[in-house]
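Now for the letters of each chain:
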Amino acid sequence: MASVMALTTDGSDTGLKGEALEALAGRMRGTLLTPAADGYDGARAIWNGMIDRKPAIIGRCWGTADVKACVEFAREHDLLVSVRGGGHNFGGKCVVEGGFMIDLADMRSTHVDPARLRARAGGGAKWIDFDTETQAFGLATTGGTVGDTGIAGLTLGGGIGWLGGRYGLACDNLASANVVLADGRVVTASADENDDLFWGLRGGSGNFGVVTSFEYQVHPVPLVLAGPVFHPFPAAAGVLNFYSEFSSDTPDELNTGAALLHTPEGMPVAGIIGCWNGPHDAGEQAVRPMREFGPPVVDELQPMPYGAIQSALDPMLPVGNRYYSKGHLIGRVTEELVAVMVDHYQRVPTPGSVAIVQQLGNAAKRVDSAATAFSHRHADYELTILANWTDPADDERCIRWVRELYDAAEPFGIGHYVNSLIDDMSVESAYQPDTLRRLESLKAKYDPTNFFRMNPNIPPSS
Ligand SMILES: Cc1cc2nc3c(=O)[nH]c(=O)nc-3n(C[C@H](O)[C@H](O)[C@H](O)COP(=O)(O)OP(=O)(O)OC[C@H]3O[C@@H](n4cnc5c(N)ncnc54)[C@H](O)[C@@H]3O)c2cc1C
């Protein structure tokens, strides 16, 4: 293997000799990729086509032992490290320019234990993997609403999804995690073991170690009553104001979102999406106002397997398109916010771009804000503004559109979701002050040298 230059934690370069790289490769069951290797470009490409970074080396891990070998090697050479789970974060911090990317993309298996209502999945699994396997048993847990999103980043940041009304956030369903710490130790975190670490993993993002597997509590989720209703864009303000009222008092079984978007045929619309997880007669009654308001020009609310609503948005968000997104956690969807959203959406740069509010859900809000590191439990929704395009010539105007709506919506924001931090959005805005202080001392305990820093970084307290 040829020698390579790699970036260290102090910003200088270090030479990694071929023999040292071969020794690491020899410890791994997976593959160690340098820029000359077949598969290197595929491994560094992630969902957001805007991210084009070139790590010096990529450790394509097959299991916890591989991750441990990579962490130990990185420490020995003081390398700047990033950790890739599903590779779906907008900011692309999982790919480090010039450093060492520890890549879990091959660790996607999911094992379901239906008797214990538990499912364990690898640190590189995506929700499509997890949902497919758990749904084979008629089970599910709260997960991201796009199949290609990784379970790792999503759960470590909190995890908002369609089952949040009944089962809380994804992190609220985490039962245990296996973690490779910065010093190479492998530990389990759960309510009974390393409970401080377990607290931090549920909202503290990737600050404390590489999670090589996640064990979740899963729930029987048979057919759900789910899908969107669409109204013509000129009715958008009325639709979003109706949505505000309707979604402010939903039963636990119903979680919802509302969006300004374009249909696949290119028609701008205002949509409301619901997912009811409970008895169907009661569900029909609960969603009736959604069917009756307007009425909508399209009504696709129908019984479907939970896995179907989980992958319904996937075609709108293909891998490799260019994306930019920012957002705010918000309380009520006020008339003023609605006016801002509708006004800005009239200048949307591409039909694939959306502005969406997604409900955290009743059960997510009932959890004590100190119980996990996801402390913004007082928020009701996340507002996400997403530009989606393919031509690099559109970069500037697409990014500008997102930033303008983000700025205009700022007065309505009550904090940020750690998984949506990008550019200059501060990590402080993702936590309550007490939570941030607790995270800083946890960082000092588990990662005092800030080895894991390519993330929404929590500095270790001194
Ligand atoms: C299209 C789209 C839809 C989304 N929908 C939702 C949604 O419905 N609900 C929601 O809550 N969020 C949603 N998100 C946000 C999503 O939760 C974050 O982007 C999340 O970071 C993605 O996780 P990942 O593993 O794919 O990301 P990656 O880019 O692989 O990782 C992000 C960061 O997480 C850390 N990390 C990743 N894997 C590990 C690991 N195994 N161990 C330790 N640290 C790790 C690293 O710090 C890394 O930089 C969405 C994002 C997108 C782009």
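Residues numbered from 1 in each chain as written. Predicted model: local features only at pLDDT ≥ 70, side-chain atom pairs only at ≥ 80, totals over all residues. Heavy atoms only, no water.

1. Some details on the domain arrangement of the protein
Next, step 1: Along its sequence, the protein is organised into domain 1 (4–103), domain 2 (110–220) and domain 3 (223–420).
Next, step 2: The straight-line distance from the C-alpha centre of domain 1 to that of domain 2 is 24 Å.
Next, step 3: Between domain 1 and domain 2, the residue contacts involve 11 residues of the former and 16 residues of the latter.
Next, step 4: A combined buried area of about 1,100 Å² lies between domain 1 and domain 2, and 67% of that area is made up of carbon and sulfur atoms.
Next, step 5: Among the residues of domain 1 in contact with domain 2, Thr-64, Gly-86 and His-88 are the three that bury the most area, contributing 40% of the side total.
Next, step 6: One can count 0 salt bridges joining domain 1 with domain 2.
Next, step 7: Run the count over domain 1 and domain 2 and you get 6 residue pairs in polar contact (both at pLDDT 80 or more).
Next, step 8: Ranked by the residues each element gives to the side of domain 1 that touches domain 2, the list is headed by helix H3 (residues 64–76), at 6 residues.
Next, step 9: Per-class residue counts for the side of domain 1 that touches domain 2 are 4 nonpolar, 4 polar and 3 charged. (Domains from an automatic or database assignment. Contact = heavy atoms within 4.5 Å. Buried area = accessible area lost by both parts, 1.4 Å probe. Salt bridge = Lys/Arg side-chain N within 4 Å of Asp/Glu carboxyl O. Polar contact = N/O pair within 3.5 Å; in protein donor to acceptor, adjacent residues only side chain to side chain. Helix = DSSP H or I, 4+ residues; strand = E, 2+ residues; numbered from the N terminus. Nonpolar A, V, L, I, M, F, W, Y, C, P; charged D, E, K, R; others polar.)

2. Looking at the site of the ligand
Next, step 1: Near the ligand you find 34 residues, and of these Gly-85, Gly-87, Gly-150, Ile-160 and Tyr-417 are the closest.
Next, step 2: Within the contact set of the ligand, an oxygen atom lies 3.0 Å away from a backbone nitrogen or oxygen of Gly-153.
Next, step 3: Here an oxygen atom of the ligand sits 3.4 Å away from a polar atom, N or O, in the main chain of Leu-154.
Next, step 4: Expressed as a share of its isolated accessible area of 950 Å², the protein-covered part of the ligand is 95%.
Next, step 5: When residues of the shell around the ligand are traced back to their parent elements, those giving at least two are strand S5 (81–84), helix H5 (151–157) and strand S12 (210–217). (Near = heavy atom within 4 Å. Areas by Shrake-Rupley, 256 points an atom, 1.4 Å probe, with all protein chains shown as cover.)

3. Considerations on the pattern of salt bridges
Next, step 1: One pass over the full model with this rule turns up 28 salt bridges.
Next, step 2: A salt bridge links Arg-44 to Asp-41, with the shortest nitrogen-to-oxygen separation between them at 2.8 Å. Within this pair, Arg-44 and its partner Asp-41 are both found in helix H2 (residues 40–44), separated by 3 residues, close to a single helical turn.
Next, step 3: Its relative accessible area of 48% is what places Asp-41 among the partly exposed residues.
Next, step 4: Asp-129 is the partner of Arg-108 in a salt bridge, and the nearest nitrogen-oxygen pair spans 2.8 Å. (Buried < 20%, exposed > 50% of the residue type's maximum accessible area, 1.4 Å probe, protein only.)

4. Points about the sheet that holds strand S10 (residues 174–180)
Next, step 1: The strand order across the open sheet built from 5 strands is S7-S8-S12-S10-S11, with neighbouring strands paired in antiparallel fashion. Because the sheet does not close on itself, it has two edges, and the strands there are strand S7 (110–113) and strand S11 (186–190). For this sheet, the mean inter-axis angle between neighbouring strands, taken without regard to orientation, is 15 degrees.
Next, step 2: Where S7 meets strand S8 (residues 118–122), 4 bridges bridge the pair, whose relative direction is antiparallel. Note on S8: the bridge partner recorded for Asp-113 is Arg-118.
Next, step 3: Seen against the sheet, helix H4 (residues 127–135) touches S7, S8 and S12 and runs at an angle of roughly 30 degrees to S7. (Pairing = 2+ DSSP bridges. Axes fitted to C-alpha atoms, helices over the stretch in contact; angles between N-to-C directions.)

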